[in-house]
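This is what each chain is made of:
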Amino acid sequence: KSSPMADTNVKVGMVIDSVTLENGVKYNIFEKEKLKIIMKENINSDRVLRFINPTTASDDKFYNTRSDNISDEFEFTLNAGQKMGVIFKGVPPQVSHVMKSSPMAD
């Protein structure tokens, strides 16, 4: 099974910053549990995920980790029914692993 995030710019070290639903509702993400709830409750909706490089983000209070060779910002549309296949850690949720089956795997 191929991940919907295959061949994307999502890399370990990036932080998920927001999720926007197809109805236009936008959630800023600062906690992993909030992200899980939003993704699960809206599995039947397209979701636009915004990832940012924590080393270049403007709010050093939240984004104080280091990672090299990642883009500054990346958006990915996860279609209704698709799962991310990404493991997050910390606050804010930082990508710690992209599963081979993830739509965001490269």
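It should be emphasised that the depicted structure is a prediction, and the values quoted were computed from it without experimental measurement.

**Student:** With reference to specific residues and values, describe the overall build of the protein chain.
**Tutor:** Within the protein chain, the regular secondary structure consists of 1 helix and 6 strands. Each helix (α) and strand (β) of the protein chain, taken in turn from the N terminus, gives the series β-β-α-β-β-β-β. The buried share among the 106 residues of the protein chain stands at 42%. Residue pairs in contact within the protein chain that sit at least 24 positions apart in sequence constitute 68% of those at least 6 positions apart. Looking at the protein chain as shown, the accessible area adds up to about 6200 Å², and 46% of this sits on carbon and sulfur atoms.

**Student:** Tell me what's going on with the pairing of strand 3 (residues 47-52), and back it up with residues and numbers.
**Tutor:** The side chains of a regular strand alternate between both faces of the sheet. Judged from the 6 bridges that link them, strand 1 (residues 15-21) and strand 3 form a sheet pairing that is antiparallel. If you follow isoleucine 16 over to strand 3, its bridge partner there is phenylalanine 51.

**Student:** Residues and numbers for unusual backbone geometry, please.
**Tutor:** Cis geometry is adopted by the peptide bond preceding proline 92, which originates at valine 91 and carries an omega value of -5°. Structurally, the position occupied by proline 92 is in the loop between strand 5 (86-89) and strand 6 (94-98).

**Student:** Lay out the environment of glycine 90 with the relevant residues and their values.
**Tutor:** As for its position among the elements, glycine 90 is in the loop between strand 5 and strand 6. Classification of glycine 90 as partly exposed rests on a relative accessible area of 45%. Separated by 60 residues in the primary sequence, glycine 90 and phenylalanine 30 have C-alpha atoms spaced 9.3 Å apart.

**Student:** Lay out the environment of arginine 50 with the relevant residues and their values.
**Tutor:** With respect to the secondary-structure elements, arginine 50 resides in strand 3. Arginine 50 sits 21 residues away from isoleucine 29 along the chain, and the two C-alpha atoms are 9.6 Å apart. There is a polar contact of 3.0 Å between the side chain of arginine 50 and the side chain of glutamate 73.

**Student:** Outline the pattern of salt bridges, listing residues and values.
**Tutor:** In total, this model carries 3 salt bridges according to the counting rule given. Taken together, the shared-partner salt bridges connect Asp17, Arg50 and Glu73 into one network.

**Student:** Explain the pairing of strand 6 to me, using residue names and the numbers behind them.
**Tutor:** Strand direction decides the pairing type here: strand 5 and strand 6, joined by 4 bridges, are antiparallel. Across the sheet, the residue bridging to lysine 89 is glutamine 94, located in strand 6. The antiparallel hairpin formed by strand 5 and strand 6 contains 4 residues in its connecting segment, where glycine 90 sits at a positive phi of about 75°.

**Student:** Help me get a handle on the layout of surface pockets, residues and values and all.
**Tutor:** The volume enclosed by the largest pocket comes to roughly 370 Å³. Around the largest pocket, the lining is made up of 16 residues, and of these Leu35, Lys36, Met39, Met84 and Val86 lie nearest the centre. Of all the elements in the fold, those that place two or more residues in the lining of the largest pocket are helix 1 (32-41) and strand 5. No other element matches helix 1, which puts 5 residues into the lining of the largest pocket. Per-class residue counts for the lining of the largest pocket are 9 nonpolar, 2 polar and 5 charged.

Thresholds applied
- Residues numbered from 1 in each chain as written.
- Predicted model: local features only at pLDDT ≥ 70, side-chain atom pairs only at ≥ 80, totals over all residues.
- Heavy atoms only, no water.
- Helix = DSSP H or I, 4+ residues; strand = E, 2+ residues; numbered from the N terminus.
- Buried < 20%, exposed > 50% of the residue type's maximum accessible area, 1.4 Å probe, protein only.
- Contact = heavy atoms within 4.5 Å.
- Areas by Shrake-Rupley, 256 points an atom, 1.4 Å probe, with all protein chains shown as cover.
- Pairing = 2+ DSSP bridges.
- Polar contact = N/O pair within 3.5 Å; in protein donor to acceptor, adjacent residues only side chain to side chain.
- Salt bridge = Lys/Arg side-chain N within 4 Å of Asp/Glu carboxyl O.
- 1 Å grid on protein atoms, 1.4 Å probe; cavity = no way out; pocket = protein on both sides within 12 Å on 5 of 7 lines; lining within 4 Å.
- Points joined across faces, edges and corners; volume = space filled by probe spheres on them.
- Nonpolar A, V, L, I, M, F, W, Y, C, P; charged D, E, K, R; others polar.

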